[in-house]
Structures are given as C-alpha cells and as structure tokens.
Amino acid sequence: MCEPRQAPGAADSGPRRLKPAQLLFEPPEAVADPEHFFDLESIEDPRELLARSTELALAFRAAADRATEYQAVAAAQLADPRRFDRLPTAVIAERAEWSEDYAKKMVEFGRDLLRGGSPVD
C-alpha cells in the first residue's frame, strides 16, 4: 500500500503513521445522536481518549488524501484531450465545486499520478 500524496496546496501536517485507525461506519441510530462520534464520548480516560481521537484524525486525513487522489485522477481523465467527451476545466470545476484554477491544478496532479502509476498501488 502506498502512502497517500497531498493535494496541491495542502499544508504539510507532519509525519504520518503507516497504519491509521480503521474507519468503521457507525450504526444509523448512533449517527442520529449528535453527541455520538465513534464512541469517543464514552471514553473516560483522557489518555485513551487522546490516543483514539488521534487515530481517528489520522485515519480521516489519510482517507481525505486518498479521496483527493481519486478526484485528481478523475479530473485528469475527464480533461484528457484524447477523449471524445473531454470536459473543459471550467465544467470540471463546477461539477467538483472547485475554482477553475484549483481544477487546473487537480488535472495536472491527476496527470502526474497517472504517469507515476495508479494511486492504489
């Protein structure tokens, strides 16, 4: 498994742990309770709470980085001039709710990822 790369313009958040906490989907009844968040509210020991919440924060960052890689790859594929159904960056930006400048950066980032191999290596 490769380490996720950061999106263009993302701030460096320091060293990453190799294996972040597993993200599990919460049961619907837990999601409905606004005070419930991955059972963190039930942890009373502050050391354990810090450890688990840190694991979750790292897992969410890794998941966001990974999703951003897929966004970039999709943007690059949609902007590929060899495609008959190629989309202009303005349309890609609108669909992804990005600025057009950011869409251009994401297309280039995606092209870099595609040249270097799949983001899921």
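Residues numbered from 1 in each chain as written. Predicted model: local features only at pLDDT ≥ 70, side-chain atom pairs only at ≥ 80, totals over all residues. Heavy atoms only, no water.

(A) Examining the overall build of the chain more closely. Summing up its helical and strand segments, the chain has four helices and zero strands in all. Going from the N terminus to the C terminus, the chain shows its helices and strands as α-α-α-α. Of the contacts made within the chain by residues no fewer than 6 positions apart, 59% connect residues no fewer than 24 positions apart. Here the chain has roughly 8500 Å² of accessible surface; of this, 56% comes from carbon and sulfur atoms. (Helix = DSSP H or I, 4+ residues; strand = E, 2+ residues; numbered from the N terminus. Contact = heavy atoms within 4.5 Å. Areas by Shrake-Rupley, 256 points an atom, 1.4 Å probe, with all protein chains shown as cover.)

(B) Representation of the confidence of the model for the chain. Of the residues in the chain, 68% have a pLDDT of 70 or more, and the chain-wide mean is 80. Mean pLDDT values over the elements of the chain span from 57, in helix α1 (residues 28-32), up to 97, in helix α3 (residues 89-96). Contacts from residues 11-18, a stretch scored under 50 in pLDDT, to residues over four places away or in other chains number twelve contacts. (pLDDT = per-residue confidence, 0-100.)

(C) How the structure looks around the packing of aromatic side chains. Across all of its chains, the model carries four aromatic pairs by this definition. Relative to Phe-38, the ring of Phe-37 lies with its centre 5.0 Å away and its plane at 80 degrees, an arrangement referred to as edge-to-face. Relative to Tyr-102, the ring of Trp-98 has its centre 5.4 Å away and its plane inclined at 75 degrees; by these criteria the two rings are edge-to-face. Ring pairs connect the aromatic residues Phe-37, Phe-38 and Phe-60, which therefore count as one cluster. (Phe/Tyr/Trp six-rings, centres within 6.5 Å; stacked < 30°, edge-to-face > 60°.)

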